[in-house]
Structure formats: C-alpha cells, structure tokens
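Here's the letter readout for the chains.
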Amino acid sequence: MQDLAGTWTLADAQGNHSVPFPLPGDGISALQAAGAIPDPYFGRNEYGLRWISETDWVATRSFTHDGKPCDLVIEGLDTVAEVHLNGVLALSAANAFRRWRVDAAGLLRKGKNEIAITFRSPVTEGAARQAAQPFFVPWHEGNCPIPNGNMLRKPQCDFGWDWNIALAPFGIWGGIRLEPQGDRIADVIVTQTHGEGAVTVTVEVQGIAATETQVTATLCGITRSAPLRQGVARLVLDIPDPVLWWPVGLGPQALHDLTVTLGTARATRRIGLRDLALVSQPDAAGRSFGFRVNGHDVFARGANWIPADALHGRITPDGVRDLLQSAIDANMNMIRIWGGGRYEPDWFYDLCDEMGLMVWQDFMFACNLYPSTPDFLADVAAEVRDVVSRLNHHACIALWCGDNELIGALGWFDVSRQDRDRYLVSYDRLNRTVEEGLRAVLPHANWWPSSPSPGVLAFGDAWHDDSSGDMHFWSVWHEGRDFDHYRDVRPRFCSEFGFQSYPSMDVIRRFADPQDFNIAAPVMESHQKNAGGNARIAETMFRYFRFPVDFPNFVYLSQVQQGLAIKTAVTAWRALKPHCMGTLYWQLNDTWPVCSWASLDHGGGWKLLHHMARRFYADLTVICIPEGGDFVLKAVNDRLAPAPLRVEAWAVAMDGTSRKLAEADLTAPPDRAAEVLRLPHSGIAAGEILSFIWDGAAIGHDIHAPRPWKAYDLLPPGIDMTVTQDGTQWKITLVSRALAPFVAVEADVPGRFSDNAPTLIPCIPVTLIFTPRDAGAAPRFTLRDLYSATYGSPSQGA
C-alpha cells in the first residue's frame with residue numbers, strides 16, 4: 001500500500017492562489033494556514049469568504065511508484081471532483097459519502113507520477129443539477145444561504161444551518177492511497193441471532209481472490225471456513241456462553257476480535273455480541289418506541305451529534321473522543337448522528353463501541369426536499385449499500401433512520417404545499433430507495449423511516465402528535481411557549497428538543513473583540529444563525545429572571561435558563577417511563593463558535609447545561625413534577641435491578657431557613673417511574689423553594705422553584721470560596737450565607753470542573769474539583785450567581 005496523504009499543492013482555477021494543501025484536509029483550512037485568508041470563524045469574516053465555494057480548485061502532487069498494478073482508493077472525496085493520473089481521467093465522483101476504488105494499473109508508470117484532483121464549485125454544480133430537474137426541488141433557504149445543496153451528496157450543513165457557518169468546504173476527509181491488486185477483503189457483513197445461553201454469528205465476506213480459495217473466520221475461539229464463490233463466502237459461528245456487550249452503565253462493553261482471512265488478505269473487526277431491538281408496537285396510546293438490549297428495556301438518555309467542526313480538516317480523533325467522553329460523563333447512553341452532517345469515519349464508531357454509547361444513525365438527508373430522478377436514486381442506493389457495508393458490524397449502532405424532518409419539509413415550501421401529491425410521491429421514492437439499500441445488506445436491521453415519524457407509511461405531524469413513534473418538540477423554542485409547556489406533551493420518545501444559549505465567554509473572546517460584547521452587535525448577530533434567536537433568549541430572560549447587569553452575566557444567565565429549559569423537559573418525560581423511553585436533546589456539540597442549542601462549546605468546554613445534564617440524566621435520581629395542586633416527587637431508576645432510596649423534602653426560604661416537609665423510603669423499580677412523595681402547593685410559602693435530597697443506592701440533591709426566579713427577593717449570598725491545590729487538581733469549596741441559586745465557577749485556563757451551577761443552601765459546603773488541561777497551569781477562578789448577575793454585585797475571584 002502506498003499512502004498518498006501528505007502535503008499537496010492547492011491552486012484556484014484562475015491562478016490567483018497557490019498554497020500547501022495537507023490531505024486529508026479541507027481547502028479553507030489550508031488557505032488560512034497559508035495566510036491567504038483570515039480566520040473564517042472570527043468576527044464577520046465568513047461573509048467575505050464565500051467566494052471560495054464559487055470557484056474550482058485543483059490539488060496536485062507527484063510521487064514515485066514501482067509500476068506494479070494498483071487500485072486508487074479514496075474515501076471522503078468532497079464532492080464533485082475529477083481525478084487525473086498522469087493527465088488521464090481516472091475518476092469522476094460526485095458523492096462525498098461513498099468509497100471510491102478505480103483500477104489504476106494502466107495509468108501508473110514506474111518512476112515519477114503526477115496526480116491532480118479538480119474540485120468543482122458546489123455552487124455551480126448545484127445550480128446545474130437544479131436546472132436539470134424535471135420540476136423544482138426546494139431547499140431550506142432559512143438554513144442554507146448557499147443554494148442548491150440538496151442537489152449534491154455532501155454534508156447539508158456545509159451550505160449553512162441555523163447553527164453553522166456557510167462556506168461549503170471541499171477536500172478529502174478520509175484516505176487516499178494506492179493498494180496493490182490481488183487478494184482483497186472488501187466488506188464483512190455480520191449478523192447475530194441470540195438464543196438461551198448462545199449466539200449464532202453469521203459472517204458474509206465479500207472479496208476478490210486470484211484463484212478459488214477458502215475464507216476463514218475466527219471469533220471467540222471458534223473457527224469456520226467456507227469457499228469464496230462469485231465473490232462471496234458465508235460462515236456461521238455458534239458461540240456458547242457469550243460475553244455480551246452492554247450500553248454504558250448496564251454492563252461491560254465486551255468486544256471480541258473477528259479475524260477473517262482470504263488468501264493473502266486479512267481483516268479484523270471488533271464485535272460486540274448483543275441483542276439490540278427497536279420496540280415499536282401499537283398500544284392504547286398509539287405506537288410505542290424504545291430500545292431493548294439483551295432483553296432489558298433501556299431508557300435512552302442523550303443528545304444529537306453534529307460534525308465536530310464545520311471544517312473537516314480540523315477534526316481529530318482525540319478531539320472527538322473528548323466530546324464523546326463528555327457525553328458519557330453526563331450520564332448519556334445514546335447519541336443521534338443527525339442527517340444533515342456526515343456518516344462518521346470508522347474510528348468514531350470504534351470509540352462508541354468501546355464507550356458503550358448507542359448510536360441512532362440517520363441517513364444523510366435533512367430539512368430539504370430531494371430529487372427522485374433515476375440517476376440520483378441510483379447514486380443514493382449505492383451510497384446506502386456502501387455505508388451500511390462499512391459500518392454494519394458495530395455494536396453501538398441501534399437504529400438506521402431514513403432522514404431528518406423530510407416529512408415535515410413537505411409542508412414548508414409553497415411548491416410542495418400546492419402540489420403535495422407530486423412531492424410526496426417523490427419523497428416516497430427516495431425513502432424506499434434508502435430502505436431497500438439498507439435491506440440489501442442487512443435484511444433484518446432496525447429501521448425507522450424518518451425522524452420524527454409516527455411509523456411506517458405514516459406522514460402525520462410528529463411535531464405536535466405525541467402518541468406514536470418519535471417526536472421532535474420545538475414549540476417552546478420556535479413558538480415561544482413557556483418551559484411548563486414541555487409538561488403538556490407525553491412523547492413516546494423525543495429525539496429532538498432544545499433551547500439556545502450563548503457560548504461561554506472564553507469562546508466568545510475567540511471570535512469577538514470587547515467592543516462587540518453586546519447582543520445587538522453585528523459580530524454577535526453574525527454568530528447567531530437562527531432568525532430571532534437573540535431576541536428569543538432575551539425575551540425568555542424577562543419572563544423568568546430579573547435582567548442581567550452586563551454582557552458576561554447575560555451569557556451566564558442564558559446558560560442557566562437553557563439548562564432549566566432542558567431539565568424541565570427531560571425530568572417531565574423521564575417521569576413518564578415506560579410510556580416515554582427516550583430523550584435526545586438538541587444538541588450535544590457545536591461546529592464553530594456560535595450561539596446555539598449545544599451543551600458543549602466549540603472545542604469541548606462544558607456549558608452549564610452539560611453540568612445540569614450530568615445530574616438530570618443520572619441513572620438513578622429523584623425528580624419533581626407539578627401535578628394539579630401538588631408537587632410529586634418520583635424516583636427514576638434506569639439500572640437493571642431495583643434500588644433502595646430514602647428521600648427528604650424541605651421548604652427553604654431565601655435566608656436559608658428550612659422546614660422539613662416529609663420523608664419516605666422506597667425501593668425504586670427499574671421498569672417505571674415510581675411516586676415517592678406528594679406535597680401540596682400550600683405547604684410551601686410564597687418566598688420558599690422546594691429542596692429535596694436522597695441517599696441509599698444513589699446520593700443527590702435538587703430544587704424546584706414554584707415561581708419564576710424574578711419573583712423571589714434574593715439576598716446577598718455572601719459566598720466564601722476557598723481554593724487549594726491537590727497535585728494537578730484544584731479544590732474549590734463554596735459556602736454561602738443565604739440561598740445561592742446556580743453558582744457558577746469559571747477558570748481563566750482550559751480545563752474541566754467536576755460539577756458546576758449548584759444551588760448552595762446556607763452553611764452547607766459544596767466542593768468542586770477543577771482539572772486544568774495543562775497540568776502546570778495556575779488558574780484564577782471567578783464566581784457568578786443569580787443574585788450578583790441581576791442585582792449588580794461584583795463577581796468574586798481567587
């Protein structure tokens with residue numbers, strides 16, 4: 001194998017630029033690294049750089065070759081491109097999601113060779129494909145300022161989104177290499193059938209051999225062989241007493257090496273043995289939706305995943321591992337890879353396998369309408385078969401979903417509303433093509449046609465109908481409803497819901513100067529891609545809080561209210577278990593520094609929502625639900641076995657005066673949310689909040705404020721902060737003299753807090769641990785709290 005990765009030369013078609021081009025990588029990052037353009041993420045630079053997507057670019061390099069027959073292999077070729085070897089066209093490609101392999105034996109020569117890749121302008125190519133359609137196919141112009149992205153098989157968010165920069169980058173995000181011709185294992189398709197105390201693993205090997213030969217597969221000490229016939233061999237391995245793979249928190253993430261040999265070729269896959277089923281059945285309420293792993297119904301706790309960076313050349317395995325570890329650390333067990341991004345590389349799913357993070361995998365169609373011409377559908381069919389063949393063996397993959405919000409998109413455009421039948425039939429052709437491509441590789445895969453969807457061949461409003469399938473619930477954000485509205489719906493599984501906040505101040509400083517620290521500043525507005533988003537954040541603050549005294553406290557308070565919004569939704573729906581069996585909030589991560597729904601900042605820092613998620617996603621917890629004239633405390637247990645808990649409820653005044661209201665013991669069942677205490681509203685005075693603690697199989701504390709926080713006359717909290725160093729970590733102990741809601745500690749160096757935004761009860765110390773990214777760093781800490789943010793007292797530092 002000869003790797004062609006490395007430094008190439010990138011030039012535009014007009015000859016105005018010529019810069020080094022690291023491949024894999026993207027052209028925009030290469031232009032910035034060479035000083036040809038400014039940082040696309042700073043200020044309003046984005047708008048002056050969209051010309052890049054309007055021109056063709058050529059990447060070239062030379063290499064020495066021994067002249068032996070080889071295939072040229074490229075993965076993640078983005079997007080419409082021609083590849084020439086020694087001046088001869090070797091490949092024309094127009095799908096960034098497929099693997100490309102071409103016979104280069106007649107094109108290579110012994111000695112020096114030249115390779116050139118011409119990347120065509122996605123703007124020009126999209127327009128040409130749109131003009132060739134038999135009828136107009138609309139895209140979401142509010143999301144995508146660069147037009148006609150729906151014509152191209154490339155990440156749809158590259159053309160912009162309501163959280164993403166719009167630059168339509170190009171390049172290669174996978175590998176580019178020459179592979180010697182000969183024996184080759186192309187794909188390994190793995191299916192599992194579980195029985196009592198045993199699992200049957202069927203392995204289909206697709207490959208090429210110079211002569212008729214045997215294929216051998218070994219797994220868990222069991223070896224089987226079968227002949228390769230017409231490029232395919234099928235082997236059946238019966239594994240007794242299998243060591244099973246479990247999602248994180250429920251058991252070990254046992255992975256076993258499956259080794260396959262075909263002549264001189266050898267391949268290895270890491271296999272998790274598990275029985276993972278989608279359970280969606282008609283019931284009295286409508287249609288259920290949830291996941292059953294190894295016979296156990298699992299409540300999915302998680303978030304939606306988007307690409308780790310808007311420019312794929314900046315994505316690294318270490319950075320992605322950090323993001324996924326943050327999901328695990330916040331007690332998540334599932335992510336949804338959203339359909340407007342990309343299918344992730346193999347190593348991404350390896351990480352999820354190792355971490356026990358289940359993956360809901362969308363196919364890459366989102367929020368637009370798409371062509372249904374024969375050539376487009378043929379390309380989609382090849383894409384789906386290719387992707388499923390590559391990823392099928394991963395234990396983490398729980399679901400294959402046809403698309404994101406395409407059913408809803410039928411009602412978003414004038415042309416599709418006026419001629420719904422035409423566009424519905426067109427959509428159905430696309431959706432059937434996706435399903436058939438999946439079934440061609442995995443006949444019994446967990447399949448769901450769209451998200452949201454009430455079910456197969458159901459084209460209803462899954463944004464407002466909560467009775468069946470999965471739901472996207474956006475009424476609180478997009479319709480401006482109050483947080484309590486989350487409690488008005490009873491979803492079976494909510495796969496999208498969210499509320500925005502500002503990025504943290506350290507992230508804002510990366511793209512804005514101090515004179516731009518104002519929500520109405522053009523720079524801030526350019527880093528807010530959702531129309532009316534800044535106004536909605538501010539309006540919500542007026543609804544729930546006294547307005548903050550300055551911009552840093554506005555940022556802090558935006559993150560507090562984001563956390564309260566998502567906590568309200570998650571706790572309400574976890575309390576419905578087993579009627580509701582999953583919540584995946586929008587969204588986990590950011591692609592660039594921007595105001596968004598993410599709980600992790602661009603770069604991986606934790607917003608306050610993520611700290612709150614660690615608490616409200618705990619696998620054993622107690623939650624408070626207003627119900628009629630009562631506050632109902634419920635225990636939620638997502639573990640495998642019943643768990644004992646002791647719960648106390650207290651009324652706490654602003655000065656810290658506390659009254660015990662009730663206490664109870666129970667054994668929390670794992671199959672449903674269980675009521676612990678029912679407390680009348682009348683038992684809590686107007687100036688008090690409800691505080692409740694629990695111990696036993698888990699220890700925790702939470703609060704519920706019956707009224708908006710602006711209605712309480714907070715007192716100066718008088719927080720004492722003691723900081724001590726313990727090796728490479730820093731211990732911060734906080735003690736308040738009055739009730740102090742949502743106390744946030746900020747550090748002036750990168751790192752991770754063990755917890756943040758706790759509510760301090762007077763005279764009860766709370767200790768946080770800060771671990772700097774750089775072990776030698778000496779951080780300074782700043783305190784923020786609700787009283788100081790809204791009454792104007794200065795923040796404290798240490």
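Quick caveat: nothing in here was measured; it's all calculated off a predicted structure.

J.: What is the right way to look at the overall build of the protein in this model?
T.: Secondary structure summary: the protein contains 15 helices and 44 strands in total. Of all 798 residues assigned to the protein, the portion counted as buried reaches 60%. Looking at the protein alone, contacts between residues at least 24 apart form 67% of all its contacts between residues at least 6 apart. Side-chain charges in the protein split into 69 positive and 90 negative, and the spacing between the mean points of these groups amounts to 1 Å.

J.: Could you clarify how one ought to interpret the pattern of salt bridges in this entry?
T.: Side chains bearing opposite charge may pair, as long as their charged atoms lie close to each other. Evaluation of the coordinates by the stated rule reveals 51 salt bridges. Close ionic contact of lysine 567 with aspartate 702 constitutes a salt bridge, the shortest N to O distance being 2.7 Å. Here the residue lysine 567 occupies a position in helix α13 (residues 551–574), and aspartate 702 occupies one in strand β38 (residues 700–704), the gap between them amounting to 135 residues. One exposure class covers both lysine 567 and aspartate 702, and it is buried. When the shortest N-O distance is used, the salt bridge between glutamate 663 and arginine 646 registers 2.8 Å. Here glutamate 663, found in strand β35 (residues 658–668), pairs with arginine 646, found in strand β34 (residues 643–653); they are 17 residues apart in sequence, far enough to count as distant. Residue classification places arginine 646 among the partly exposed residues on the basis of a relative accessible area of 28%. Look at the salt bridges and you will find they share partners, linking Asp71, Glu75, Arg101, Arg177 and Glu179 into a network.

J.: Is there a simple way to explain the sheet that holds β38 in this structure?
T.: The pairing of strands in a sheet comes from backbone hydrogen bonds and takes either a parallel or an antiparallel form. Spatial strand order, β35-β34-β37-β38: four strands in an open sheet with antiparallel pairing. Since the sheet does not close on itself, it has two edges, and those belong to β35 and β38, each with one partner. Mean inter-strand twist for the sheet, computed between neighbouring axes without regard to direction, equals 20 degrees. The sheet contact formed by strand β37 (residues 688–696) and β38 spans five bridges and is antiparallel. Across the sheet, residue serine 691 finds its bridge partner in β38, namely isoleucine 703.

J.: What is the right way to read the sheet that holds strand β36 (residues 674–680) from this model?
T.: With respect to topology, three strands assemble into an open sheet ordered β32-β33-β36, the strand pairing being antiparallel. In this open sheet, the two edge strands, each paired with only one partner strand, are β32 (620–627) and β36. Sheet twist, expressed as the mean angle between neighbouring strand axes with direction ignored, is 20 degrees. Bridge count for strand β33 (residues 630–637) against β36 is six bridges, and the pairing is antiparallel. In the sheet register, leucine 633 faces β36, and the bridge partner there is leucine 677. Contacting β32 and β33, α13 runs over the sheet at an angle of about 95 degrees to β32.

J.: Hey, could you run me through helix α4 (residues 346–355) in this one?
T.: Residues that lie three or four places apart on an α-helix share one face, since the helix turns once every 3.6 residues. Along α4, the residues classified as buried are Phe348, Tyr349, Leu351, Cys352, Asp353 and Met355. In the segment just after α4, glycine 356 is the residue with positive phi, at about 75 degrees.

J.: What's the story with the pairing of β32 in this structure? I'm lost.
T.: A regular strand places its side chains so that they alternate between the two faces of the sheet. Along β32, six of the eight residues are buried, which leaves the element largely enclosed by surrounding structure. In this structure, the hairpin formed by β32 and β33 is closed by a connection of two residues, where glycine 628 is found at a positive phi of approximately 65 degrees.

J.: Before we go on, may I ask you to explain the packing of aromatic side chains in this structure?
T.: To describe a pair of aromatic rings, you give the distance between the ring centres and the angle between the ring planes. A full pass over the atoms with the stated rule returns 50 aromatic pairs. Considering the side-chain rings of phenylalanine 542 and phenylalanine 547, the 4.7 Å spacing of their centres and the 15 degrees angle between planes classify their relative orientation as stacked. Among the residues examined, phenylalanine 542 registers a relative accessible area of 51% and is labelled exposed. Phenylalanine 547 sits in the partly exposed class, given a relative accessible area of 34%.

J.: Would you explain the nonpolar core in this entry?
T.: Burial of nonpolar side chains together is a common tendency in soluble globular proteins. Ranked by internal contacts, the top residues of the largest apolar core, which has 148 residues, are Trp305, Leu324, Ile335, Phe363, Trp400, Trp573 and Trp709. Ranked by residue count, the leading element in this core is α13, at 13 residues. Beyond its immediate stretch of four places on either side in the chain, tryptophan 400 contacts Gln361, Phe363, Val387, Val388, Leu391, Leu438, Leu442, Ala445, Asn446, Trp447 and Trp448. By size, the runner-up hydrophobic cluster in this structure holds 43 residues, among which are Leu4, Ile37, Ile172 and Ala310.

J.: Please clarify how the environment of proline 779 should be interpreted in this entry.
T.: Among the secondary structure elements, proline 779 is positioned in the loop between β43 (766–772) and β44 (781–784). Judged by relative accessible area, proline 779 falls into the buried class, the value being 8%. Between the C-alpha atoms of proline 779 and alanine 747, which are 32 residues apart in sequence, the distance is 6.0 Å.

J.: Help me understand the environment of valine 236, please; the structure alone is not making it clear to me.
T.: Positionally, valine 236 belongs in strand β18 (residues 232–240). Remark: the alpha-carbon pair of valine 236 and arginine 120, spanning 116 residues in sequence, is separated by 46 Å. Setting aside residues up to four positions removed in sequence, valine 236 forms contacts with Thr200, Val201, Thr202 and Arg224.

J.: I'm lost on the confidence of the model for the protein in this one. Help?
T.: Keep in mind that low pLDDT regions are not for reading the predicted coordinates in detail. Mean pLDDT for the protein: 96, with 99% of residues reaching 70 or above. Within the model, the stretch residues 794–798 combines pLDDT values under 50 with 17 contacts to residues more than four positions away or in other chains.

J.: Looking at this structure, I do not really get the side chain of serine 426. What am I missing?
T.: One can find serine 426 in helix α8 (residues 420–441). Judged by relative accessible area, serine 426 falls into the buried class, the value being 5%. At 2.8 Å, the side chain of serine 426 and the side chain of serine 372 are in polar contact. Setting aside chain neighbours within four positions, we find serine 426 in contact with Phe135, Tyr370, Pro371 and Ser372.

J.: Could you clarify how one ought to interpret the packing of helix α12 (residues 533–544) against α13 in this entry?
T.: Pairs of packed helices are described in terms of their axes, by the angle between the two and the distance that separates them. Running from N to C, α12 and α13 cross one another at 80 degrees; their axes reach a closest spacing of 10 Å. If you check the angle between α12 and α13, you find them roughly perpendicular. Contacts from Ile537, Ala538, Thr540 and Met541 of α12 reach α13 at Phe554, Leu557, Ser558 and Gln561. Counted by class, the contact of α12 with α13 contains five nonpolar, three polar and no charged residues.

J.: I'm lost on helix α3 (residues 317–329) in this one. Help?
T.: Spanning 13 residues, α3 covers 18 Å between terminal C-alpha atoms, matching the ideal 18 Å at 1.5 Å per step. Buried positions along α3 lie against β24 (300–305), β25 (334–337), α4, α14 (608–616) and β42 (751–753). Phi turns positive one or two residues past the end of α3, at asparagine 331, with a value near 65 degrees.

J.: How should unusual backbone geometry be read in this particular structure?
T.: Keep in mind that most residues, glycine aside, have a negative phi and that most peptide bonds are trans. That bond from aspartate 78 to threonine 79 is cis: its omega, -5 degrees, falls within 30 degrees of zero. With respect to the secondary-structure elements, threonine 79 resides in the loop between β7 (77–78) and β8 (81–85). With a phi angle near 65 degrees, glutamate 405 is a residue other than glycine that sits in the positive phi range. Tracing the sequence through the fold places glutamate 405 in the loop between β27 (397–401) and α6 (406–409). In this structure, alanine 757 takes a positive phi of about 60 degrees despite not being glycine. Examined against the element boundaries, alanine 757 turns out to sit in the loop between β42 and β43.

Rules and cut-offs
- Along each chain, numbering runs from 1 in the same order as the chain's sequence is written.
- Only residues with pLDDT of 70 or above have their local features reported here, since the model is predicted, and side-chain atom pairs are shown and tallied only from 80 upward, although totals for entire chains, interfaces and linings are computed over all residues.
- The side-chain values count all of the structure's non-hydrogen atoms but skip hydrogen atoms and water molecules.
- Secondary structure elements follow DSSP: runs of H or I no shorter than four residues count as helices, runs of E no shorter than two count as strands, and numbering proceeds from the N terminus.
- Three exposure classes are used, based on accessible area relative to the maximum for each residue type with a 1.4 Å probe and protein chains only: buried under 20%, partly exposed in between, and exposed over 50%.
- Pairs of residues are marked as contacts when any of their non-hydrogen atoms sit within 4.5 Å.
- We score Asp and Glu as negative and Lys and Arg as positive, and we do not count His or the chain ends.
- For the purpose of locating charges, the reference atoms are NZ of Lys, CZ of Arg, CG of Asp and CD of Glu.
- Salt bridges are counted wherever a side-chain nitrogen of Lys or Arg sits within 4 Å of a carboxyl oxygen of Asp or Glu.
- By this definition, two strands are paired if DSSP reports at least two bridges between them.
- Interaxial angle, 0 to 180 degrees, is taken between N-to-C directions of lines fitted to C-alpha atoms, where a helix line uses only the stretch in contact.
- Stacked, tilted and edge-to-face are the three classes assigned to paired rings of Phe, Tyr and Trp, where Trp is represented by its six-membered ring and a pair needs centres within 6.5 Å; plane angles under 30 degrees give stacked, over 60 edge-to-face, the rest tilted.
- To form a nonpolar core, buried Ala, Val, Leu, Ile, Met, Phe, Trp, Tyr and Cys residues must be joined to one another through side-chain atoms within 4.5 Å.
- pLDDT expresses, on a scale from 0 to 100, how confident the predictor is about each individual residue.
- Any pair of N or O atoms that falls within 3.5 Å is considered a polar contact. Within protein, one atom must be able to donate a hydrogen and the other to accept it, and sequence-neighbouring residues count only if both atoms are side-chain atoms.
- Here is the rule for angles: anything less than 35 degrees is roughly parallel, anything more than 145 is roughly antiparallel, 65 through 115 is roughly perpendicular, and the remaining ranges are oblique.
- Here the nonpolar group is Ala, Val, Leu, Ile, Met, Phe, Trp, Tyr, Cys and Pro; Asp, Glu, Lys and Arg are the charged ones; every other residue, Gly included, is treated as polar.
- A helix is expected to span 1.5 Å for every residue after the first.

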